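This is what each chain is made of:
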Amino acid sequence: YNMRGGGQHRNYHPISSLNPYQNKWVIKARVTTKGSMRTWSNHKGEGKLFSIELLDEQGGQIRATMFQEAAEKFFPIFQEGKVYTISRG
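Treat the numbers as computed from the prediction; the structure is a model and nothing was measured.

Conventions and cut-offs
Residues numbered from 1 in each chain as written. Predicted model: local features only at pLDDT ≥ 70, side-chain atom pairs only at ≥ 80, totals over all residues. Heavy atoms only, no water. Pairing = 2+ DSSP bridges. Helix = DSSP H or I, 4+ residues; strand = E, 2+ residues; numbered from the N terminus. Contact = heavy atoms within 4.5 Å. Core = buried A, V, L, I, M, F, W, Y, C linked by side-chain atoms within 4.5 Å. Buried < 20%, exposed > 50% of the residue type's maximum accessible area, 1.4 Å probe, protein only. Salt bridge = Lys/Arg side-chain N within 4 Å of Asp/Glu carboxyl O.

Trainee: Tell me what's going on with the pairing of strand S4 (residues 45–56), and back it up with residues and numbers.
Mentor: Bridging between strand S2 (residues 25–34) and S4 involves five bridges; their strand directions are antiparallel. Counterpart to Lys-34 in the pairing with S4 is Ile-52. Relative to S4, strand S3 (residues 38–42) runs antiparallel, the two being bridged by five bridges. Within S4, the residue paired with Asn-42 across the bridge is Gly-45. Taking the residues between adjacent antiparallel strands as the criterion, S3 and S4 are bridged by two residues. Sheet topology note: the S4/strand S5 (residues 61–67) ladder contains seven bridges and is antiparallel. Bridged to Glu-53 within S5 is Arg-63. Connecting the antiparallel pair S4 and S5 is a turn made up of four residues, with Gly-59 showing a positive phi of about 90°.

Okay, here's the thing in structure tokens:
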């Protein structure tokens, strides 16, 4: 996943148009809620996770949950109220 800033104009996908079969997408959304870092431990192992809720200009909403290395990488980056451009592919 990539995050971009700056003034470049892009065609963003509405969150409502995303589906599990898309390989390439770019969204621009505000973090409306950021959960705390949580840990789990069970018979399969242990790990970390946190979730954010995103809202785009069209009113589309989605929750993203990051696990393990992604959780550690992105937890200090995402801040409530800030807008991010996030892409895959």
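Anyway, onward from the coordinates.
Trainee: Run through the environment of Lys-82, naming residues and quoting values.
Mentor: Counting through the fold element by element, Lys-82 comes out in the loop between helix H1 (68–74) and strand S6 (83–88). Aside from chain neighbours lying at most four places away, what touches Lys-82 is Ala-29, Arg-30 and Val-31.

Trainee: Kindly report on the nonpolar core, identifying the contributing residues and their values.
Mentor: Phe-50, Ile-52, Leu-54, Met-66, Phe-78 and Ile-86 are the most contacted members of the largest nonpolar core, which has 14 residues in total. Of all the secondary structure elements, the ones that give two or more residues to this core are S2, S4, H1 and S6. Considering each element in turn, this core owes the most residues, four residues, to S2. Leaving out residues up to four positions away in the same chain, Ile-52 has contacts with Val-31, Thr-33, Lys-34, Ile-62, Arg-63, Ala-64, Met-66 and Phe-78.

Trainee: I'd like a rundown of the pattern of salt bridges, residues and numbers included.
Mentor: Under the counting rule described, the total for this entry stands at two salt bridges. Glu-72 is the salt-bridge partner of Lys-48, the closest N and O atoms lying 3.5 Å from each other. Within this pair, whereas Lys-48 is found in strand S4, its partner Glu-72 is found in helix H1, the two being separated by 24 residues in sequence. By relative accessible area, Lys-48 is classed as partly exposed at 32%. A relative accessible area of 49% means that Glu-72 is categorised as partly exposed.

Keep in mind these numbers describe shape, not what the thing actually does.
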